[in-house]
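Coordinate inspection notes
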Amino acid sequence: MAKKPGRSTGKHAGKSAGKAAGKNGGKAAVKNDGKTAVNSARKSAPPPGPADRWETPAADVLRWVRGTDLSALDQAGTPGWAGDRADGEKLMAARGEELADLQERLFAHGRTGGDRSVLLVLQGLDTSGKGGIVRHVVGMVDPQGVMHRGFGVPTPEEQQHDYLWRIRNALPRPGYLGVFDRSHHEQVLVVRVDRLEPVRVWRKHFAELNAFEAEVAASGTVIVKVTLVVSPDEQKKRLAKRLERPDKHWKYNPSDIDVRLKLPEYLAAYQEMLDRTSTKEAPWYVVPADRKWYARLAVTELLTDALRSLDLGWPPADFDVAAEKARLAAT
């Protein structure tokens with residue numbers, strides 16, 4: 001599958017985590033500015049839900065195929081989905097039950113000595129919907145099992161180290177779902193477009209990125225890399241909306257206009273990044289993002305598939321259950 005250019009600077013690096021996704025099954029969201037929603041009770045299995053309208057599994061239809069023309073992507077499309085928005089929102093709510101259950105199993109696995117984790121990488125230009133994915137998709141799971149990190153311009157301390165140093169420090173620990181808002185791939189995106197390094201230097205990063213991700217995958221982390229692609233027209237509308245609403249001014253940066261003027265360069269950078277860093281261990285999935293509901297549904301599917309692939313059960317009790325029941329009854 002193909003997608004559109006996503007930017008890589010990082011001024012708004014910490015557009016992190018969300019509030020409770022009330023419409024998404026009542027699940028809790030990741031902390032945001034100290035506000036944490038409380039998880040509602042979850043069942044061990046998803047309830048009978050609406051019909052699954054995926055004609056082709058999201059992972060199959062959205063997986064990047066090397067050589068695909070990114071510029072030909074329909075950013076308003078809904079690849080693989082045969083339903084409408086209402087169908088998608090119903091299925092996403094139902095998937096939220098399963099997603100929360102699977103993530104809790106992962107967290108329990110880590111708390112009892114397991115070594116598995118999942119890393120969701122979100123790339124895309126500003127307004128492509130990365131923050132919305134965090135709020136509405138990651139927001140459906142228990143925040144205590146989530147490690148969220150936004151990557152902006154390197155700090156003075158980070159500049160003293162190799163560019164992968166801060167990435168390694170942010171990788172999810174066993175049992176956790178890690179979420180990167182922008183990532184190590186900025187090194188072949190904004191670094192390239194803004195000419196922050198000579199060509200001979202940044203071109204070496206493709207091999208470095210692949211080797212790094214192979215290492216991370218071998219350690220027990222399932223990597224889900226998503227590039228969100230928004231059309232220039234839709235991006236313009238979203239930026240205009242931020243300028244019209246005082247409550248959205250904090251999300252706007254004047255440099256966003258500068259990036260729009262470089263869209264052809266970003267398109268080329270994203271094209272090569274996708275072609276050269278989509279691997280068996282860490283494939284890219286390209287998600288059209290003009291329709292926010294579709295992008296959120298698609299990432300929900302990809303994340304659910306990743307957690308399912310771990311095939312984790314509940315860890316057995318390390319105590320005598322019958323004896324503890326008797327002790328409790330006696331109190």
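Please refer to the structure placed before this passage.
Here we summarise the structure given alongside this text. Quick caveat, the model's predicted, so the values are computed rather than measured.

**Remarks on the nonpolar core**
Ranked by internal contacts, the top residues of the largest apolar core, which has 42 residues, are Val118, Leu120 and Val226. At the level of secondary structure, the elements contributing two or more residues to this core comprise α1 (58-62), α2 (85-111), β1 (117-123), α3 (130-136), β3 (177-181), β4 (221-229), β5 (284-288) and α12 (292-309). A per-element tally of this core places α12 first, with ten residues. Counting 35 residues, the second largest nonpolar core, distinct from the first, contains Leu125, Phe206, Phe212 and Tyr270.

**Let's talk about the sheet that holds β3**
Pairing within the open sheet is parallel, and its five strands lie in the order β2-β3-β1-β4-β5. A strand with exactly one partner marks an edge of an open sheet, and here the two such strands are β2 (146-150) and β5. Within the sheet, the average angular offset between the axes of one strand and its neighbour, ignoring direction, is 20°. Relative to β5, β4 runs parallel, the two being bridged by five bridges.

**Thoughts on the environment of Tyr163**
Tracing the backbone through its elements, the reader meets Tyr163 in the loop between α4 (156-159) and α5 (165-170). Here Tyr163 falls in the buried class, since its relative accessible area comes to 14%. Linking Tyr163 and Glu186, residues 23 residues apart in sequence, is a C-alpha distance of 9.8 Å. Discounting chain neighbours no more than four positions away, the residues touching Tyr163 are His184, Gln187, His205, Glu208 and Leu209.

**Some points on the pairing of β3**
Burial runs high along β3: five of the five residues are buried. Alternating positions in β3 separate into two faces, Leu177, Val179 and Asp181 on one and Gly178 and Phe180 on the other, with burial throughout. One ladder, built from five bridges, connects β1 with β3; its direction is parallel. Across the sheet, the residue bridging to Val121 is Phe180, located in β3.

Each value, and the rule that gives it
- Residue positions are counted from 1 within each chain, in the order its sequence is given.
- Local features in a predicted model are, by the rule used here, given only for residues with pLDDT of at least 70; side-chain atom pairs are given and counted only at 80 or more, and totals for whole chains, interfaces and linings are based on all residues.
- Only heavy atoms go into the side-chain values, all of them from the structure, while hydrogens and water stay out.
- Definition of nonpolar core: a set of buried residues of the types Ala, Val, Leu, Ile, Met, Phe, Trp, Tyr and Cys, connected through side-chain atoms within 4.5 Å.
- When accessible area is computed with a 1.4 Å probe and restricted to protein chains, residues below 20% of their type maximum are described as buried, those above 50% as exposed, and intermediate ones as partly exposed.
- Note on conventions: DSSP H or I runs of at least 4 residues are helices, E runs of at least 2 residues are strands, and numbering of each starts at the N terminus.
- The pairing criterion for strands is at least two bridges between them, as found by DSSP.
- Note on geometry: axes are lines fitted to C-alpha atoms, helical ones only across the stretch in contact, with angles between N-to-C directions running from 0 to 180 degrees.
- It only takes one pair of heavy atoms within 4.5 Å for two residues to be counted as in contact.

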